[in-house]
Amino acid sequence: MLKHTAIVPQNFGYPLGALYPTLERCGIYGLSLKSPTQTVLIGPDQPFAIIGERINPTGRKKLVAKGRPIINSVTGEEDRLETILPVVAEYNVPVIAISNDESGISYDPKVRFGVAKKIVKRAESYGIKPEDVLIDPLAMPVGAIASAGYDLFTLVRMIRDELGCNTICGASNISFGMPNRALLNATFIAMAIAAGMPCAITNPLEQEIRNTVYAADVLMGHDPKMNYLMAMRKLAAQQNAAAHGTGTEAAPNASDERRAARDARRSARRER
């Protein structure tokens, strides 16, 4: 099982160079598919997940990657199971498994757990270990479903304890349509980590998100390299430098980071 929290960029326009230490803690790296039949080693400006929709089961070339990339994703739909799982088994890599099937996304957490269990059992038939199946129990917007947060934390515990799988989710989904989304997102991530979720699809460029992960890791006993202390000392030095007008670069605020992320996404789209 993964022991630490990995921050996964939600949009492939985000630069990944600064994230390598965090991803490296979980032994996770990745690669970009330039075409459905060719894979290439990642660089700082490349995504770390293979997009499952672009997998060509009959025309793949040899997989080249440092560490173990993640395939994103499989669902409980039969055609997806039959297409993606053989690739996962062939390359012995983790896969994100989204807990919906042909019937769509259920609001009932018990139904979503049933879909997750189906995927895990099918994966086992291909020789895929449960810990290599990262179940996405699907974070619902709490503004529309009052129990969305509670349901997800319950599912994370059930999936960990009963299926022996890791979990992952799109963290910002929980705050859709709500005010002060940054506060909800950061609080949600901390509570998800406490429930046992080791991965989150989120924006790692936001200071509040990074600090929340550092703090949650230290409280969960997942901070052997003292990342929290180093991050807080760096932040304090930046704030002190800004207050005294020294040459040290001031810490960017959330608005600056969001603007930088948008610019990076636009630049990435132009280069395609």
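Look above for the structure.
Our subject in this report is the structure included herewith.

Analysis parameters
Residues numbered from 1 in each chain as written. Predicted model: local features only at pLDDT ≥ 70, side-chain atom pairs only at ≥ 80, totals over all residues. Heavy atoms only, no water. Helix = DSSP H or I, 4+ residues; strand = E, 2+ residues; numbered from the N terminus. Buried < 20%, exposed > 50% of the residue type's maximum accessible area, 1.4 Å probe, protein only. Axes fitted to C-alpha atoms, helices over the stretch in contact; angles between N-to-C directions. Left-handed = near helix turned anticlockwise from the far one by under 90°. Contact = heavy atoms within 4.5 Å. Nonpolar A, V, L, I, M, F, W, Y, C, P; charged D, E, K, R; others polar. Core = buried A, V, L, I, M, F, W, Y, C linked by side-chain atoms within 4.5 Å. Parallel < 35°, antiparallel > 145°, perpendicular 65-115°, else oblique. Polar contact = N/O pair within 3.5 Å; in protein donor to acceptor, adjacent residues only side chain to side chain. Salt bridge = Lys/Arg side-chain N within 4 Å of Asp/Glu carboxyl O. Right-handed = clockwise from strand over helix to strand, strands pointing away. Pairing = 2+ DSSP bridges. 1 Å grid on protein atoms, 1.4 Å probe; cavity = no way out; pocket = protein on both sides within 12 Å on 5 of 7 lines; lining within 4 Å. Points joined across faces, edges and corners; volume = space filled by probe spheres on them.

1. A few points about the environment of E131
Argument step 1. Tracing the backbone shows E131 in the loop between helix 3 (109–125) and strand 7 (133–136).
Argument step 2. Accessibility expressed as a relative area gives 30% for E131, which makes it partly exposed.

2. A closer look at the packing of helix 6 (residues 207–219) against helix 7 (residues 227–244)
Argument step 1. With their axes 8 Å apart at the nearest point, helix 6 and helix 7 run at an angle of 145° to one another. With respect to the hand of their crossing, helix 6 and helix 7 are arranged in left-handed fashion. The residues of helix 7 that touch helix 6, namely those facing Q207, N211, Y214, A215 and V218, are N227, Y228, A231, M232 and L235.
Argument step 2. When grouped by side-chain class, the residues that make up the contact of helix 6 with helix 7 number seven nonpolar, three polar and no charged.

3. Description of the nonpolar core
Argument step 1. Counting 23 residues, the largest nonpolar core has I71, V74, V133, I135, I159, L163 and C165 as the members making the most contacts within it.
Argument step 2. Residue assignment for this core shows that the elements contributing at least two residues are strand 5 (70–74), helix 2 (78–91), strand 6 (95–98), helix 3, strand 7 and helix 4 (148–163).
Argument step 3. For L163, the residues in contact, after removing those within four places along its chain, are F113, A116, K117, V120, P130 and M158.
Argument step 4. By size, the runner-up hydrophobic cluster in this structure holds 20 residues, among which are I145, C169, A171 and V213.

4. A look at the packing of helix 4 against helix 5 (residues 181–195)
Argument step 1. Look at helix 4 against helix 5: their axes get within 9 Å of each other, and the N-to-C directions meet at 25°. Overall, the two elements helix 4 and helix 5 adopt an arrangement that is roughly parallel. For the crossing formed where helix 4 meets helix 5, the hand is right-handed. Contacts from L152, F153, V156, R157 and R160 in helix 4 reach F188, M191, A192 and A195 in helix 5.
Argument step 2. Classifying every residue of the contact of helix 4 with helix 5 gives seven nonpolar, no polar and two charged.

5. Things to note about the side chain of D223
Argument step 1. In this structure, D223 sits in the loop between helix 6 and helix 7.
Argument step 2. Ignoring sequence-local partners within four residues, the contact set of D223 consists of D217, V218 and Y228.

6. Here we look at the side chain of S99
Argument step 1. Residue placement: S99 occurs in the loop between strand 6 and helix 3.
Argument step 2. Residue S99 is classed as buried on the basis of its relative accessible area, which comes to 2%.
Argument step 3. At 2.8 Å, the side chain of S99 and the backbone oxygen of D136 are in polar contact.
Argument step 4. Sequence-distant contacts of S99, that is, excluding residues within four places in its chain, are made with R112, V115, A116, D136, P137 and L138.

7. Considering the pattern of salt bridges
Two side chains with opposite charge may pair up if their charged atoms get near one another.
Argument step 1. Within this structure, the stated rule accounts for three salt bridges.
Argument step 2. Measuring nitrogen to oxygen at the nearest pair gives 3.4 Å for the salt bridge that ties E78 to K118. Here E78, found in helix 2, pairs with K118, found in helix 3; they are 40 residues apart in sequence, far enough to count as distant.
Argument step 3. For E78, a relative accessible area of 28% puts it in the partly exposed group.
Argument step 4. In this structure K118 comes out as partly exposed when scored by relative accessible area, which is 29%.
Argument step 5. The closest approach of N and O atoms between D161 and R160, which form a salt bridge, is 3.0 Å.
Argument step 6. For R160, a relative accessible area of 31% translates into the label partly exposed.
Argument step 7. One connected set of salt bridges, linked through shared partners, spans E78, K118 and R122.

8. Observations concerning the pairing of strand 7
Argument step 1. Burial of strand 7 is two-sided: the residues V133 and I135 facing one way and the residues L134 and D136 facing the other way are all buried.
Argument step 2. Taking the sense of rotation as the criterion, the β-α-β connection linking strand 6, helix 3 and strand 7 turns out right-handed.
Argument step 3. Relative to strand 8 (residues 166–167), strand 7 is paired through two bridges, and the arrangement is parallel. Following the sheet pairing, I135 is matched in strand 8 by T167.
Argument step 4. In this view, the connection linking strand 7 to its parallel neighbour strand 8 by way of helix 4 has right-handed handedness.

9. Describing unusual backbone geometry
Argument step 1. Between N72 and S73 the backbone carries a cis peptide bond, its omega angle lying at 10°.
Argument step 2. Position of S73 among the secondary structure elements: in strand 5.

10. Regarding empty space enclosed by the protein
Argument step 1. For the structure shown, the criterion picks out two cavities of 30 Å³ or more.
Argument step 2. By volume, the second largest cavity amounts to about 40 Å³.
Argument step 3. Lining the second largest cavity we find S99, N100, D101, S103, G104, I105, S106, V111, R112 and V115.
Argument step 4. For the lining of the second largest cavity, a count of residues per class yields three nonpolar, five polar and two charged.

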